[in-house]
Number of protein chains: 4
Amino acid sequence: MPTEIVAAEGGGSPCEARCANEAKINHECGLFGIWGHEEAAQLSYYGLHSLQHRGQDGAGMVVKNGDVLTRTKGPGLLTEVYNSKMLAEMKGTAAIAHVLYATGGMKSSTAIQPLLFHFEQSSSLAICHNGALVNSKSLRNKLEEYGSIFQTTCSSELLAHIIKRSRLVTFVDSLKRALSQIYGGFAFLLMTKNALYAARDPRGLRPLVLGKRGDAYVVASETCALDTVGATYIRDVAPGELIIIDDNGIKSEFYTSDKGMALCGMEFIYIARPDSNIEGVNVHTSRKNAGIVLAKESPTAGAEVVIASPDTGISAAIGYAEAAGIPYEIGLIKNRYIGRTFIAPSQNLRKRGVKMKHSVVRSIVEGKSVILVDDSIVRGTTMRHLVKLLKDTGAREVHLKIASPLYKYPCYYGIDTPSPKELVAHKRSAREISKLMDADSISFISESGLADAIGITHNNTHGLCMACFNGDYPTHLQDFAGIELK
Amino acid sequence: MPTEIVAAEGGGSPCEARCANEAKINHECGLFGIWGHEEAAQLSYYGLHSLQHRGQDGAGMVVKNGDVLTRTKGPGLLTEVYNSKMLAEMKGTAAIAHVLYATGGMKSSTAIQPLLFHFEQSSSLAICHNGALVNSKSLRNKLEEYGSIFQTTCSSELLAHIIKRSRLVTFVDSLKRALSQIYGGFAFLLMTKNALYAARDPRGLRPLVLGKRGDAYVVASETCALDTVGATYIRDVAPGELIIIDDNGIKSEFYTSDKGMALCGMEFIYIARPDSNIEGVNVHTSRKNAGIVLAKESPTAGAEVVIASPDTGISAAIGYAEAAGIPYEIGLIKNRYIGRTFIAPSQNLRKRGVKMKHSVVRSIVEGKSVILVDDSIVRGTTMRHLVKLLKDTGAREVHLKIASPLYKYPCYYGIDTPSPKELVAHKRSAREISKLMDADSISFISESGLADAIGITHNNTHGLCMACFNGDYPTHLQDFAGIELK
Amino acid sequence: MPTEIVAAEGGGSPCEARCANEAKINHECGLFGIWGHEEAAQLSYYGLHSLQHRGQDGAGMVVKNGDVLTRTKGPGLLTEVYNSKMLAEMKGTAAIAHVLYATGGMKSSTAIQPLLFHFEQSSSLAICHNGALVNSKSLRNKLEEYGSIFQTTCSSELLAHIIKRSRLVTFVDSLKRALSQIYGGFAFLLMTKNALYAARDPRGLRPLVLGKRGDAYVVASETCALDTVGATYIRDVAPGELIIIDDNGIKSEFYTSDKGMALCGMEFIYIARPDSNIEGVNVHTSRKNAGIVLAKESPTAGAEVVIASPDTGISAAIGYAEAAGIPYEIGLIKNRYIGRTFIAPSQNLRKRGVKMKHSVVRSIVEGKSVILVDDSIVRGTTMRHLVKLLKDTGAREVHLKIASPLYKYPCYYGIDTPSPKELVAHKRSAREISKLMDADSISFISESGLADAIGITHNNTHGLCMACFNGDYPTHLQDFAGIELK
Amino acid sequence: MPTEIVAAEGGGSPCEARCANEAKINHECGLFGIWGHEEAAQLSYYGLHSLQHRGQDGAGMVVKNGDVLTRTKGPGLLTEVYNSKMLAEMKGTAAIAHVLYATGGMKSSTAIQPLLFHFEQSSSLAICHNGALVNSKSLRNKLEEYGSIFQTTCSSELLAHIIKRSRLVTFVDSLKRALSQIYGGFAFLLMTKNALYAARDPRGLRPLVLGKRGDAYVVASETCALDTVGATYIRDVAPGELIIIDDNGIKSEFYTSDKGMALCGMEFIYIARPDSNIEGVNVHTSRKNAGIVLAKESPTAGAEVVIASPDTGISAAIGYAEAAGIPYEIGLIKNRYIGRTFIAPSQNLRKRGVKMKHSVVRSIVEGKSVILVDDSIVRGTTMRHLVKLLKDTGAREVHLKIASPLYKYPCYYGIDTPSPKELVAHKRSAREISKLMDADSISFISESGLADAIGITHNNTHGLCMACFNGDYPTHLQDFAGIELK
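Computed from a prediction, not measured in an experiment: that's the story for all the values here.

Trainee: Talk me through the overall build of chain A; I want residue IDs and the actual numbers.
Mentor: In terms of regular secondary structure, chain A is built from 16 helices and 27 strands. Over its C-alpha atoms chain A spans a radius of gyration of 23 Å, differing by no more than 12% from the 23 Å that the globule rule assigns to 486 residues. Taken as a whole, chain A presents about 16,000 Å² of accessible surface, with 49% of it coming from carbon and sulfur.

Given below as structure tokens:
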């Protein structure tokens, strides 16, 4: 496998030379697109900014100025890529934009989207996406046989090749045919000089919403991006839908009839921003509800205080405390200043008590029976560390309440999951996990409890995808067939 | 007045995005010192890191290796100043370290502490401090008359000059005499090849604590720094005390008999970290208590939800909700990715609805009577913006609960206060402020309520300093005599 | 046409100031390849470094470690892209490497070579090249019709597509067929896990040499790179030749029978380094000889001193002075510290006498009849400025001697020429140019004089290409047919 | 000894963290000052730029705008410190400016000049200087006894303290008295809101010139800075002279009667720019003359070619070739792209033939008897390397001609000399040096020959200082008394 290292660009002083290993499965990432506004680049900047939590490894946009598509991009946070001079120079009335979450420790500058293709015979094409395909490998093999050359493993490049091969009369026909050949969880934004295209996968695994700001149309991964740019929410893009936005307005088509909702549960549990709504459900509220459900499903007698694992467990902890009638307190502090350039303490110093990242508020937990709430446990490393911190500081008992079911199976739709062996819930019972965490007890919300908290029915082809909890994947898993999961 | 601009190399593109809270009123530096540990620089790094909230404009340390004192320093966050290679090269068994909060828009590299003086005839002297003096100007005038030259306006340089002039037989005698000549709120750390010295002002306005880690002694502005480096808390340094730490252990002396506690109230309200204890009182708990007191002093009939101004109002909001029996919710989200390089939206875009920094969770506040809790109001700009955001998103009523009294008077002891005219509570009643904020009501905690919440009696020479609320300053104000405050 | 701007991280403060000559006409990239050495990346770094004069806009290399090809690259000078840590981590026994001269004001990170293609079904392929093709557009059109997608306008990407389409049994057969379909002036280096391939165009327009260092083979654009890495020169690669280097040694093939030497004259005149030899001819010597020929062809009676336009005119000036028996002096000083971040003086300051870049040694030229020698005149801007400087400082007469003929026609083979309208010799006689320069006279070397100086016969298909002087292009100009040149 | 390491400012990505050891003796450096021009900062930038060869370790200036003095400074090259935005914001009508040459590998940010002192009771004072004092240590000892504190070892800080202590009625009287107490080779620029002061040492060891540009006065280390900013040369400042420039014009005073010219010979030989004149003598011409003298003093029979050690030996080589009637050729090429971030080849690679910095033009030297001319030999390392390079490339004989006498003694006046033991001419004869260099012969110009070439008589108190060649120092060496030199 070829790998790539890109010197931090422009850098005699590469802040951090980034080692780039191109991701094999794709990632959550965030998308923003706008058509019909004089300050398209500026609004894309603020839209992307509100989606920064979906990816911090790179940012880019393609802006349309008349017939010309111009790309800008760079590694790191949005604020590291763009400065005010650049932004001021990016004139245009439409744009598609992307923040990258790169899997693995390695990050490639060629993975930074959008991609921009330009053709001698026709106009340019910009593409970006989030999510992951399950038949990427099969499709690439076939295309290479026909003479295609790939420079990345990016699904956006793959889609461009399929479109190019489709050769139907209109671009929209070629695009629909291409979309019908890819399987997985995804959202795509495409732009030519003529139109902006937004597509969501046939199961609606990845979210995508549509809004309006004056005469301009906006598409984005989450509603918080609409709020940020002052746009009004119209509706979520439907599973299997292709929306076409041009100067005449908006058109909706479906590229497949095999469609049905199986929205990713982890978007509610962990990924999306609390102030976003997905399919009409507020994310913070769904989390708080999960805490309430947990308090009912798994009460702990004698518990004196409820604390959250900051920041992801806060909503559920508030719900739990409220429902259980136990005071909610700030018992753990997360240090905000730990960034990329923080120097982690040596193993030796850590052993000898040097702490990083989390601190305990001693007076809150000392001598008490503590409920610690978190959204999920994946590897379990942090949770184990937190339990130890609490006990070392004098907590009498630590009871863990997890606002999602046991995370047992890999996600093939864009959530960056470690290998099954690294999942703490892989082949372990709750009791075994509790012991491993050195906790006094652990409780996970039930699948039905979680579905109730969110308020969306769950089953494979309607409602929620909970494949990572139960292994029931809502699509065929072409490239991964025969992989033993259970 | 001469000013200084230092070419910030690479400053156009700070690698490290800051997720830090933006200060409402400003912090006043942090101190860390250690004597007798093989990894003095490493521990100072982690100690400073836990004090980063006290200053983000510069960081530095002087490390003692044998008889040699070596200084390192730089502008910006600790993680911007030090990299692992530098840190690894900083050998030594003792250190004093500093994080800078720089006042004014201009930030000078010469203001970054510690200062290091070296003499042809004797050993080197390192000094750093936090806080502010009230007779700085008078002393400098006198020293200049005698031929002294100043390169900065830094109090550490001033103290060095006074020590140098004292010419008593021992360094400790000269230092004590020098300390007895300065007035204000301060903590000083000094180091020579022979010892580390820690001094706290005669009113104990600025905090300073002492701890132990094995055979090593640690001094720091807050107990959270002791916890971070795995040190055990011994006690707070006393007002007017000078502690001398050398290879024979620790000695305590007093440099003045005119002493008495008047601890800065704002340390509890806003500055210190929630997991720190000051004079035995936990900061988070004092804030939560303030919320409880507020709920009792100022109930609001019909309020449906309690939300906090993130992050500073959270502890008090939890207390308020608990005492009032109203649900605590996350109604406002603060964007973590706004740092130095964020491009603020143009006035035009802001007017047209582009939001930055804060977002509202619509489903939490829409149609509701909302209690919004914050720790304090200084200029009032942010609060006014938040009320507008909430009302625009559909809040029916917004009632403000402020966990400190009206902030009316400048601080001369190290809190960077705007000029009286910029203080929203300057010559305004609570009712007028409420109107200005466009809120439905506003309540401030009473002075006695705050003292109860903290659990420390307050009066000028014993307990708490509340001069910023009531204008009763616990020291003479030499350089500021005759300034009209009320 | 889509363009791309890449956020140059840290670009506001390039650490490395450039002392580099500013190009008058521009260079066209440099190539270095090595096979069979344990320190392939290190040697490539030094090899590239000696070719830095051929391109300062980017650098990259692909290193082969076992079967894995790894790419590193970045914008700017080699020393800005690589640091010692990166270099130390680049293990491998073979490499191809490239320094980029980017045309246009816009510099794209995607233009930085080598390109690296990886295929699901076979091994990876790395490609880099210099020079330019004359049928690039035609080929791309055809390939796009067949479904190919291009992400750059880079000829290396084009060649990859043609190879991929060739589908002959062996890679070498596909490569030879692909090379036989492209026309222009070029050198290509390719590498797979099995071999390194080096190809030179059928007219030998661009130089490429072969050397040996112990058991390792080295290919490079110029012999100075062989000297730098301690390799011994074997021979120049022949026009139309494809050299294949693998663990069994070296093989030579020809991919076309239509071949014949037409070596680019500008390589001798301006581009190559003085210590390089091309086809056995030393570059400095050819330039000095040109000065000698000029002195014979165009003597100036009464001239008192010979000075050079630094640095490009120095070799010829020495030759002129020697042949004419007139003292050679340093009359013009070029400032070495003018780099990317130099702030050019305002128009206003320049008018009022603020000088940059060049200074005159007054005592050398004051009151004298001066011979000023330069290698070539393209736009004439610098020369006009130098004549003014000399006259302003008191030179009595300034006679220009140019060591190349009148530069009248664009180059299609890789020299970045301005548009004909910007060429000072376009539709202007020498007399008109002299007047425009405000010189007392101007002389250009004759074509035959230049050929004599170099010692290579010149005609279209044998010897030298002088198309930029006489418009006789040694290849068909497919994409440019019908463009009026004269 | 305290040392200091300053993180490259603004740097999460310190390009190179600079280790700073404060210099004990001072350095050549470059000075520029201007009074009475609306664009004082801009002109200072260009003036400093032309003096960049005198120091590349830091740059700074203090600009006077009305009564306010503002300082800017930073490490590295001028172009690294200033960007166009900064420069545009630096309004003012007078300025003093400095480029720093820092001795040793260690560089301190506190050493970057000018220093700026500000006093409560009077105006601010800016000072910068070049050169070195011989009684610095003695003076500091005395001042410390009186209570002064030093933050640097910089002579500018020392002078400020002496002025401050002088307490005479006028500033000029205090300044003159202070200047009369320091001994050494120096030039000082000082500025207050009222005037600019320029002083040269009593022996005129360091150069300083005066010019005029319209109504504005300019002072600078070399005349090239006058030329660059379009100023007209008036005269050299005289030894022992203090020039005072204010809005009323210029005044000249002498601060000592013990004065007499002993101009530093190395300024002509190596330091100054070829286009500068010192005391009316052109630097390039003095170097070329030295070559001519050398050719007469030390002819070599049978030599076939004269080459220079680039760039410092070029002027002398041209003179030698002209006088000896032997062709001057470019035989050695110096790589222009070796900067701070260049990765030096490992010892292993160097041994195995990897070259850096210099390349040989083989056809020029192969089989020939070569004359290699350089300006001076200090350590001899480079020269030895060059001889080896030439011989390895096939030179039959290499004869060294050095345009200065044997460099045997340390300089106490500002030239950064290695310790005597590192001087190749320390206790070695020319014959021994030739052997050490592995040359076929070596010749040094005689002292009288050099004086003739420059055209200034040399003896201790009149003419040239040649102390580094003959050990006859033109001043008392207070701090260095008793040090054995010979």
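Trainee: Account for the pairing of strand β6 (residues 94–100) of chain D, naming residues and giving values.
Mentor: All names here are of chain D. With 7 of its 7 residues buried, β6 lies for the most part within the structure. Pairing geometry for strand β3 (residues 30–35) and β6, over 6 bridges, is antiparallel. Bridged to G30 within β6 is V99. Where strand β4 (residues 58–65) meets β6, 7 bridges bridge the pair, whose relative direction is antiparallel. Counted as the bridge partner of M61 is A97 from β6.

Trainee: Please set out the packing of helix α4 (residues 136–145) of chain B against helix α5 (residues 155–166) of chain B residue by residue, giving values where relevant.
Mentor: Residues and elements named next belong to chain B. Running from N to C, α4 and α5 point in directions that differ by 45°, and their axes come no closer than 11 Å. Classified by the angle their axes make, α4 and α5 are oblique. In this structure, the crossing between α4 and α5 has a hand that is left-handed. For the pair α4 and α5, the contacting residues are S136, L139, R140 and L143 in the first and L158, H161, I162 and R165 in the second. A class-by-class count of the residues in the contact of α4 with α5 yields 4 nonpolar, 2 polar and 2 charged.

Trainee: Describe the sheet that holds strand β7 (residues 115–117) of chain A, naming the residues involved and giving the relevant values.
Mentor: All names here are of chain A. Read across the sheet, 6 strands follow the order β7-β8-β9-β10-β14-β15 without closing on themselves; strand pairing throughout is antiparallel. In this open sheet, the two strands that pair with only one neighbour each are β7 and β15 (249–254). Between one strand axis and the next, the sheet turns by 20° as a mean value, whatever way the strands run. Judged from the 4 bridges that link them, strand β10 (residues 196–200) and strand β14 (residues 241–246) form a sheet pairing that is antiparallel. Bridged to L196 within β14 is I245. Strands β8 (125–133), β9 (184–191), β10, β14 and β15 of the sheet are contacted by helix α6 (residues 171–179), whose axis makes an angle of about 155° with β14.

Trainee: Tell me about the pairing of β9 of chain A, and name the residues and values.
Mentor: All names here are of chain A. The element β9 is largely enclosed, with a buried count of 8 among its 8 residues. Side-chain alternation along β9 places G184, F186, F188 and L190 on one buried face and G185, A187, L189 and M191 on a second face that is also buried. With 5 bridges joining them, β9 and β10 adopt antiparallel strand pairing. The residue bridging M191 from the neighbouring strand is L196, located in β10. The turn linking β9 back onto β10 is made up of 4 residues.

Trainee: Account for helix α1 (residues 40–50) of chain C, with residues named and values stated.
Mentor: Counting buried residues in α1 of chain C gives 11 out of 11 residues, a clear majority hidden from the surface. Turning to α1 of chain C, its buried residues are A40, A41, Q42, L43, S44, Y45, Y46, G47, L48, H49 and S50 of chain C.

Trainee: Describe the relation of the copies chain A and chain B, with residues and values.
Mentor: By a simple turn and slide, chain A fits onto chain B: the slide is 0.0 Å along the axis, the RMSD is 0.1 Å, and the turn is 180°. The superposition operator between the copies reduces to a two-fold rotation axis. Of the residues that chain A buries at the interface, 97% are likewise interface residues in chain B, meaning the two copies contact each other through the same surface.

Trainee: Tell me about the pattern of salt bridges, and please be specific about residues and values.
Mentor: Counted according to the given criterion, the structure contains 72 salt bridges over all chains. In this structure, the salt-bridge partner of R200 of chain A is E279 of chain A, at a minimum N-O distance of 2.8 Å. Pair noted here: R200 of chain A is in strand β10 and E279 of chain A is in the loop between β17 (277–278) and β18 (281–282), with a separation of 79 residues, a long-range link. A salt bridge links E241 of chain B to R235 of chain B; the shortest N-O distance between them is 2.6 Å. Overlapping salt bridges bring together R54, R206, E222 and E267 of chain A as one network.

Trainee: Can you lay out the interface of chain A and chain B for me, pointing to particular residues and giving the numbers?
Mentor: Where interface size is quoted, it is often the accessible area lost as the parts come together. Counting residues at the interface gives 64 residues for chain A, matched by 67 residues for chain B. In total, chain A and chain B occlude about 5,300 Å² of area from one another, counting both sides; carbon and sulfur atoms represent 56% of this. Applying the counting rule to chain A against chain B returns 4 salt bridges. In this structure, the connection of chain A to chain B is made through 27 residue pairs in polar contact (both at pLDDT 80 or more). Looking at the side of chain A that touches chain B residue by residue, the classes come out as 26 nonpolar, 24 polar and 14 charged.

Trainee: Outline helix α13 (residues 381–392) of chain C, supporting the account with residue identities and numerical values.
Mentor: Residue and element names in this part refer to chain C. A rise of 1.5 Å per residue sets the reference length of α13, with its 12 residues, at 16 Å; its end C-alpha atoms lie 17 Å apart and thus fit the reference within 8%. For α13, the full list of buried residues reads M383, L386, V387, L389 and L390. The arc enclosing the buried residues of α13, seen along the axis, measures out at 160°, which places them on a common side. Facing away from the buried side of α13 by over 90 degrees, the exposed positions are T381, K388 and D392.

Trainee: Explain the packing of aromatic side chains residue by residue, including any values.
Mentor: Counted according to the given criterion, the structure contains 42 aromatic pairs over all chains. Judged by centre distance (6.2 Å) and plane angle (20°), the rings of Y328 of chain C and Y328 of chain D are stacked. Of this pair, Y328 of chain C sits in strand β19 (residues 328–329) while Y328 of chain D sits in the loop between α10 (314–324) and β20 (332–334), each in a different chain. In this structure, Y328 of chain C and Y328 of chain D share a single accessibility class: buried. Their ring planes at 45° and their centres at 5.3 Å tell us that Y412 of chain D and Y473 of chain D sit as a pair that is tilted. Residue Y412 of chain D is located in the loop between β23 (397–402) and α14 (430–437), and its partner Y473 of chain D is located in the segment after α16 (467–470); the two are separated by 61 residues in the primary sequence. Note on accessibility: Y412 of chain D and Y473 of chain D belong to one class, buried. Through a chain of ring-to-ring contacts, the aromatic side chains of Y45, Y46 and Y82 of chain A together with F342 of chain B assemble into a single cluster. Across from the ring centre of F254 of chain A, 4.4 Å away, lies the NZ or CZ of K259 of chain A, which sits over that ring. Looking at R140 of chain D, its charged tip hangs above the ring of F150 of chain D, at a distance of 4.4 Å from the centre.

Trainee: Help me get a handle on the side chain of E329 of chain B, residues and values and all.
Mentor: Here E329 of chain B is to be found in strand β19 (residues 328–329). On the basis of relative accessibility, which here comes to 11%, the residue E329 of chain B falls in the buried class. Apart from residues lying up to four places away in sequence, E329 of chain B is in contact with H284, K288 and E322 of chain A together with V305, V306, I307 and I364 of chain B.

Trainee: How would you summarise the environment of P114 of chain D if you had to cite specific residues and measurements?
Mentor: Secondary-structure assignment places P114 of chain D in the loop between β6 and β7 (115–117). Taking C-alpha positions, P114 of chain D is 9.9 Å from M191 of chain D, a pair spaced 77 residues apart along the chain.

Trainee: Give me the lowdown on the sheet that holds strand β14 (residues 241–246) of chain D, citing residues and values where you can.
Mentor: Residues and elements named next belong to chain D. A sheet is described by the order of its strands in space; here 6 strands give the open sequence β7-β8-β9-β10-β14-β15, paired in antiparallel fashion. A single partner strand is all that each edge strand has here, and the edge strands are β7 and β15 (249–254). Each strand axis lies, on average, 20° off the axis of its neighbour in the sheet, ignoring direction. Helix α5 (residues 155–166) rests against β7, β8 (125–133) and β9 (184–191) of the sheet, and its axis sits at about 120° to β8.

Trainee: So what about unusual backbone geometry? Which residues, and what values?
Mentor: For the bond from P310 of chain B to D311 of chain B, the omega torsion is -10°, close enough to zero to count as cis. With respect to the element layout, D311 of chain B can be found in the loop between β18 (305–308) and α10 (314–324). Positioned with a positive phi, K427 of chain A is a non-glycine residue whose angle comes to about 60°. Mapping K427 of chain A onto the fold places it in the loop between β24 (397–402) and α14 (430–437).

Trainee: Lay out the environment of L294 of chain C with the relevant residues and their values.
Mentor: Residues and elements named next belong to chain C. With respect to the element layout, L294 can be found in helix α9 (residues 283–297). Between the C-alpha atom of L294 and that of L78, which follows or precedes it by 216 residues, the distance is 37 Å. Once you skip the residues sitting within four places of it in the chain, L294 turns out to touch P299, Y320, K401, I402, A403, S443, F444 and I445.

Trainee: Which residues make up the environment of G380 of chain D, and what values go with them?
Mentor: Residue and element names in this part refer to chain D. One can find G380 in the loop between β22 (369–374) and α13 (381–392). The class of G380 is buried, set by a relative accessible area of 9%. Not counting chain neighbours up to four residues away, the residues in contact with G380 comprise V424 and M437.

The rules we used
- Residues numbered from 1 in each chain as written.
- Chains lettered and ligands numbered in written order.
- Predicted model: local features only at pLDDT ≥ 70, side-chain atom pairs only at ≥ 80, totals over all residues.
- Heavy atoms only, no water.
- Helix = DSSP H or I, 4+ residues; strand = E, 2+ residues; numbered from the N terminus.
- Rg over C-alpha atoms; globule rule 2.2 N^0.38 Å.
- Areas by Shrake-Rupley, 256 points an atom, 1.4 Å probe, with all protein chains shown as cover.
- Buried < 20%, exposed > 50% of the residue type's maximum accessible area, 1.4 Å probe, protein only.
- Pairing = 2+ DSSP bridges.
- Axes fitted to C-alpha atoms, helices over the stretch in contact; angles between N-to-C directions.
- Parallel < 35°, antiparallel > 145°, perpendicular 65-115°, else oblique.
- Left-handed = near helix turned anticlockwise from the far one by under 90°.
- Contact = heavy atoms within 4.5 Å.
- Nonpolar A, V, L, I, M, F, W, Y, C, P; charged D, E, K, R; others polar.
- Least-squares fit on C-alpha atoms with pLDDT ≥ 70 in both.
- Salt bridge = Lys/Arg side-chain N within 4 Å of Asp/Glu carboxyl O.
- Buried area = accessible area lost by both parts, 1.4 Å probe.
- Polar contact = N/O pair within 3.5 Å; in protein donor to acceptor, adjacent residues only side chain to side chain.
- Expected span 1.5 Å × (residues − 1).
- Arc of directions from axis to C-beta.
- Phe/Tyr/Trp six-rings, centres within 6.5 Å; stacked < 30°, edge-to-face > 60°.
- Lys NZ or Arg CZ within 6 Å of the ring centre and 35° of its normal.

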